[in-house]
Amino acid sequence: MSSIRTLKTFVSVATEGSFAAAALKVALTQAAVGLQMRVLEGEMRRPLFERQGKVITLNGTGRELLPKIKHLIAQYEKLLSAAGTETLSGTVNLGAVVSTVRSLVRACLAVRARHPSLDLHISAAKSIELLSKVGSGELDAAVVVRDPGQSGSGLAWTALYSEPMVLVCPRKASEKTVQSGLKSHPFLRFDRTELTGQIVERTLRKLRIKPNEFLELNSIETIVELIRSDLGVSILPLLNGSRWLADPKLQIIEIAQVSEQRHIVLVQSAVNQNAGLTDVLAQEFLSTLKSL
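**Q** Any details on the nonpolar core? Residues and values, ideally.
**A** Of all hydrophobic cores here, the largest spans 69 residues; its most connected members are Phe-10, Val-33, Leu-182 and Ile-235. The biggest single contributor to this core is strand 6 (residues 155-170), with seven residues. With residues near it in sequence (within four places) discarded, Ile-235 still touches Met-165, Val-166, Leu-167, Leu-182, Phe-187, Val-200, Thr-203, Leu-204, Leu-207 and Ile-255. Formed by 14 residues, the second largest nonpolar core is a distinct cluster that contains Val-166, Ile-227, Leu-238 and Leu-250.

So, in structure tokens, the structure goes:
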């Protein structure tokens, strides 16, 4: 029987009109989306889509099935909500990339306030380290950065949100374009050994700009503090929940010509025995972000 994640992928394909667009929304590869849909069609013993090139539309059977699947997903979401009113207990070990730790801690404190018997542990590390720990069972789940083409055997991914890449400049620089900002100021680069740094590098290549390299750091907040002090500029993900746009010392310039984004997902083992608890925490995590 297909998982809730597969059913959610089906709804995304129906909504977005292509496997590629749905893949971005559910934080899977396009190939993984296609495989899930073929498995679903096999279970239903009939085609669900009409394929015209890259455009995917529901056929009659798919259109008939769509409201039923949406109902199933809604019932599952109700079960998760009901879990918020029941007493939860047990130990959950979580991980997070540094930029998401604050929101995850807020979410855990909110859940712990309702369920004092829960024992929650959080550690921060790079995405690659967190993925290894989830795979080995050391962590139940982790909030990580995921490249769209990234896969992992035995792992289940839940999309949380995406962050567009932007140019961050000192406010008094009064730059008008990405090109002028990168050419006129020292460039503070985020660590290229991390996924976020690799997204920065892809963005620069697409812009066809060689910046004036100055420093390479592995802390987004440290880079932003240096920019506030008028010591350079940087290409960074516009952190969800940050107040950079309202910061009187910062100027945020959209990189309209490049569609690169940083995708934040919850990853857990496909056989995680604490999946119900981690789903509740993921829901609280998203609610926390919306309240910021």
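**Q** Please set out helix 2 (residues 19-26) residue by residue, giving values where relevant.
**A** Within the sequence span of helix 2, burial applies to Phe-19, Ala-22, Ala-23 and Val-26. For helix 2, the buried positions fall inside an angular range of 105 degrees around the axis, keeping them on one side. In this fold, the buried residues of helix 2 make contact with helix 1 (4-16), helix 3 (30-44), strand 1 (49-52), strand 2 (55-58) and strand 6.

**Q** Go over the environment of Thr-100, please, and point to the residues and values.
**A** By the element assignment, Thr-100 lies in helix 5 (residues 98-114). Each C-alpha atom of the pair Thr-100 and Ile-264 lies 8.9 Å from the other, and the pair is 164 residues apart in sequence. Ignoring sequence-local partners within four residues, the contact set of Thr-100 consists of Val-143, Tyr-161, Ile-264 and Phe-285. Within polar-contact distance, the side chain of Thr-100 engages the backbone oxygen of Val-97 at 2.9 Å.

**Q** Please provide a residue-by-residue account of empty space enclosed by the protein, values included.
**A** According to the stated counting rule, one finds three cavities of 30 Å³ or more in the structure shown. Empty space within the largest cavity amounts to approximately 60 Å³. Forming the boundary of the largest cavity are Leu-94, Leu-104, Val-143, Leu-160, Leu-266, Thr-278, Leu-281, Ala-282 and Phe-285. Of all the elements, helix 10 (residues 275-291) adds the most residues to the lining of the largest cavity, at four residues. A per-class count over the lining of the largest cavity returns eight nonpolar, one polar and no charged.

**Q** Describe the side chain of Thr-203, listing the residues and the values that go with them.
**A** In this structure, Thr-203 sits in helix 8 (residues 195-207). Not counting the four nearest positions on each side in its chain, Thr-203 is found in contact with Met-165, Ile-235, Ile-255, Val-258 and Glu-260.

**Q** Residue-level account of the packing of helix 1 against helix 2, with values.
**A** Between helix 1 and helix 2, the shortest axis-to-axis distance is 8 Å and the interhelical angle comes to 130 degrees. On the basis of the axis angle, helix 1 is oblique to helix 2. Two packed elements cross with a definite hand, and for helix 1 against helix 2 that hand is right-handed. Side by side, helix 1 and helix 2 meet where Thr-9, Ser-12, Val-13, Thr-15 and Glu-16 of the first sit next to Phe-19, Ala-21, Ala-22, Lys-25 and Val-26 of the second.

**Q** Got a sec to walk through the packing of aromatic side chains? Specific residues and values, please.
**A** Taken as a whole and assessed by the stated rule, the structure comprises two aromatic pairs. Centre to centre, the rings of Phe-10 and Phe-49 are 5.7 Å apart; their planes meet at 55 degrees, and the pair counts as tilted. Taken as a pair, Phe-10 in helix 1 and Phe-49 in strand 1 lie far apart in primary sequence, 39 residues in all. On the basis of relative accessible area, Phe-10 is assigned to the buried category, the value being 0%.

**Q** Any chance you could break down the pairing of strand 5 (residues 141-146) for me, citing the residues and the numbers?
**A** Most of strand 5 is tucked away: six of the six residues are buried. Burial along strand 5 is two-sided: the residues Ala-141, Val-143 and Val-145 and Ala-142, Val-144 and Arg-146 are all buried. Sheet topology places strand 3 (residues 90-96) next to strand 5; three bridges connect them, and they run parallel. For Ala-96, the partnering residue across the bridge sits in strand 5 and is Val-143.

The rules behind the values
Residues numbered from 1 in each chain as written. Predicted model: local features only at pLDDT ≥ 70, side-chain atom pairs only at ≥ 80, totals over all residues. Heavy atoms only, no water. Core = buried A, V, L, I, M, F, W, Y, C linked by side-chain atoms within 4.5 Å. Buried < 20%, exposed > 50% of the residue type's maximum accessible area, 1.4 Å probe, protein only. Helix = DSSP H or I, 4+ residues; strand = E, 2+ residues; numbered from the N terminus. Contact = heavy atoms within 4.5 Å. Arc of directions from axis to C-beta. Polar contact = N/O pair within 3.5 Å; in protein donor to acceptor, adjacent residues only side chain to side chain. 1 Å grid on protein atoms, 1.4 Å probe; cavity = no way out; pocket = protein on both sides within 12 Å on 5 of 7 lines; lining within 4 Å. Points joined across faces, edges and corners; volume = space filled by probe spheres on them. Nonpolar A, V, L, I, M, F, W, Y, C, P; charged D, E, K, R; others polar. Axes fitted to C-alpha atoms, helices over the stretch in contact; angles between N-to-C directions. Parallel < 35°, antiparallel > 145°, perpendicular 65-115°, else oblique. Left-handed = near helix turned anticlockwise from the far one by under 90°. Phe/Tyr/Trp six-rings, centres within 6.5 Å; stacked < 30°, edge-to-face > 60°. Pairing = 2+ DSSP bridges.

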